[in-house]
Amino acid sequence: MSGVDTAAPPAALMPGDLMSRRQRLRLILVLGSLIAVGPLTIDMYLPALPSIVDDLGTTSAAVQLTLTGTLIGLALGQLLIGPLSDAVGRRTPLIAGTALHIVASVCCALAPNITVLGALRVVQGLGAAAAAVIAMAVVRDLFSGKAFAQLLSRLLLVMGAAPILAPTLGSELLRWTQWRGVFAALAVFGVLLLLIAMLGLPETLPPLRRQRGGVLPTVRLYGSLLRDRAFVGLVLVAGLAMAALFAYVGGSSFVLQERYGLDEQQFGLAFGAGAVGLIAATQGNVRLLRRWSPQRILVTALIVGSAASLMLLGLAATGIGGLPALLASLWVVLAAAGLALPNAPALALTRHGEAAGTASALLGAVQFGIGAVAAPLVGVFGTGAVAMALVIAGGMVSALVVLFVVVRPGQLAVPEPVEAMAVAAH
């Protein structure tokens, strides 16, 4: 997100508190559109991965590297665009990033080979990062406290629905066009988003609240965060859980379509069913926090997720239970990830309230960075069900090990209201 924490104290009257209900609704629609760019860019072309292999005459591992390129772009964008928006305001980076996303999407649709496509996906990820980072920064500019958490909880529904809808939208587009048409559709969506940003989102960071002193203060903040063992451990836990998620994202299209014979539309439905477990867990997490600490939820989620991922590996290796058993174990893993992903960041961010913006940027960069490594590993191991399950299990089990060896959850303190933090961190 941003390079410094610009949110006012909870007792202060924030600009968003003066907005009418209609204005808040319009803001939610605008910010929801911005947040949807990342998931749509990542997931919308997933049903077309096997056809890209055939059309460009390449390998499945090479095609999965195009997903890695997007994640790398998103990771770099988290680190670069947040501090930049603190220095120059929100609108300029947002408009520039959205324009970059449009140009990259058009070029992806025209890509002559897999190398060019992979490079363009990095650029596309950078553009998508601008929308996501600025959306979160705008919320922090306008709201604080309970209102901040409530608005983010509504935006979480968009963040959860977009990954479900993206492969389904992509599979429906493939009824009428080839994989290049998916990127053309992303370009059209980018144009609409650019108009929305220019006409419907005013500048929310006034000059007096912008960062001064160049990049050196940001570098120092990153250094202080990296010296905190528990913070680094929690960031790694979140990143490894994200690695398991992106192993599923990167490998599922090949496993479900090539091994189990699902067509593009059936794959979209199966992918959406898995994402339902993820969304249900993230939304149910707020209720669970009313009874249990985030440490306890995180530990339980990773234990269950690790056990389910090992079961997934066994089912993939033996074929016992067929596709229903495989999907059921995947559903449990995704639900466990849905509980881990909000709580690990929440615990990490409570340790550095004075640098929450920079901490959020580092957290997002690590999550997408580790995800960028995990996605092509499935292709390296063969793109089959065993390869996908192996990377998923590796991510979940490694997260559990890091939690107990590095973080030591019993020693963590939670100085802020955990419900709001766990909503805001996801």
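Up top you'll find the structure we're talking about.
Scope of this entry: the structure provided in the associated data block. (Residues numbered from 1 in each chain as written. Predicted model: local features only at pLDDT ≥ 70, side-chain atom pairs only at ≥ 80, totals over all residues. Heavy atoms only, no water.)

Here we take up the overall build of the protein. Of regular secondary structure, the protein possesses 15 helices and zero strands. Considering the protein as a whole, with its 426 residues, one finds that 58% of them fall into the buried category. Partitioning the intrachain contacts of the protein with sequence separation of at least 6 by distance along the chain shows that 87% fall at a separation of at least 24. Accessible surface computed for the protein: about 16,600 Å², of which carbon and sulfur atoms make up 70%. (Helix = DSSP H or I, 4+ residues; strand = E, 2+ residues; numbered from the N terminus. Buried < 20%, exposed > 50% of the residue type's maximum accessible area, 1.4 Å probe, protein only. Contact = heavy atoms within 4.5 Å. Areas by Shrake-Rupley, 256 points an atom, 1.4 Å probe, with all protein chains shown as cover.)

A ring pair, where both rings are aromatic, is described by two values, the distance of the centres and the angle of the planes. The final tally for this structure, using the stated rule, is four aromatic pairs. Ring centres 5.2 Å apart and planes at 10° place the aromatic pair Tyr248 and Phe271 in the stacked group. Linking Tyr248 in helix H9 (residues 229-259) with Phe271 in helix H10 (residues 264-288), this pair joins segments that are 23 residues apart in sequence. Given the relative accessible area of 5%, Tyr248 is considered buried. Here Phe271 falls in the buried class, since its relative accessible area comes to 3%. One aromatic cluster is present, formed by Tyr45, Trp179 and Phe183 through successive ring pairs. Sitting above the plane of the Tyr45 ring, Arg121 keeps its charged end 4.0 Å from the centroid. (Phe/Tyr/Trp six-rings, centres within 6.5 Å; stacked < 30°, edge-to-face > 60°. Lys NZ or Arg CZ within 6 Å of the ring centre and 35° of its normal.)

Here the focus is a nonpolar patch on the surface. On the surface, a nonpolar cluster with roughly 590 Å² of combined accessible area is contributed by Val188, Val191, Leu192, Leu195, Met198 and Leu199. Along the chain, the position of Val188 falls in helix H7 (residues 179-200). Take Val188: its relative accessible area is 51%, and that puts it in the exposed class. (Patch = residues over 30% accessible without salt bridge, like charges linked within 9 Å, V, L, I, M, F, W, Y side chains within 5 Å. Salt bridge = Lys/Arg side-chain N within 4 Å of Asp/Glu carboxyl O.)

Turning to helix H5 (residues 114-142), a few remarks are in order. In this model H5 runs 42 Å from its N-terminal to its C-terminal C-alpha over 29 residues, within 8% of the 42 Å that 1.5 Å per residue would give. Counted residue by residue, H5 has 22 buried out of 29 residues, so it is predominantly covered. Of the residues flanking the start of H5, the one acting as N-cap is Asn113, its side-chain oxygen 3.2 Å from the backbone nitrogen of Thr115. (Expected span 1.5 Å × (residues − 1). Polar contact = N/O pair within 3.5 Å; in protein donor to acceptor, adjacent residues only side chain to side chain.)

In this section: the pattern of salt bridges. Once the charged atoms of two side chains with opposite charge are near each other, the side chains can pair. Overall, the coordinates contain two salt bridges when judged by the stated rule. Notably, a salt bridge pairs Arg180 with Asp55, separated by 3.8 Å at the nearest N-O pair. Note that Arg180 is positioned in helix H7 and Asp55 in helix H2 (residues 49-56), a separation of 125 residues in sequence. Exposure remark for Arg180: the relative accessible area of 24% places this residue in the partly exposed category. Residue classification places Asp55 among the partly exposed positions, given a relative accessible area of 42%. A salt bridge links Glu172 to Arg175, with the nearest nitrogen and oxygen atoms 3.0 Å apart.

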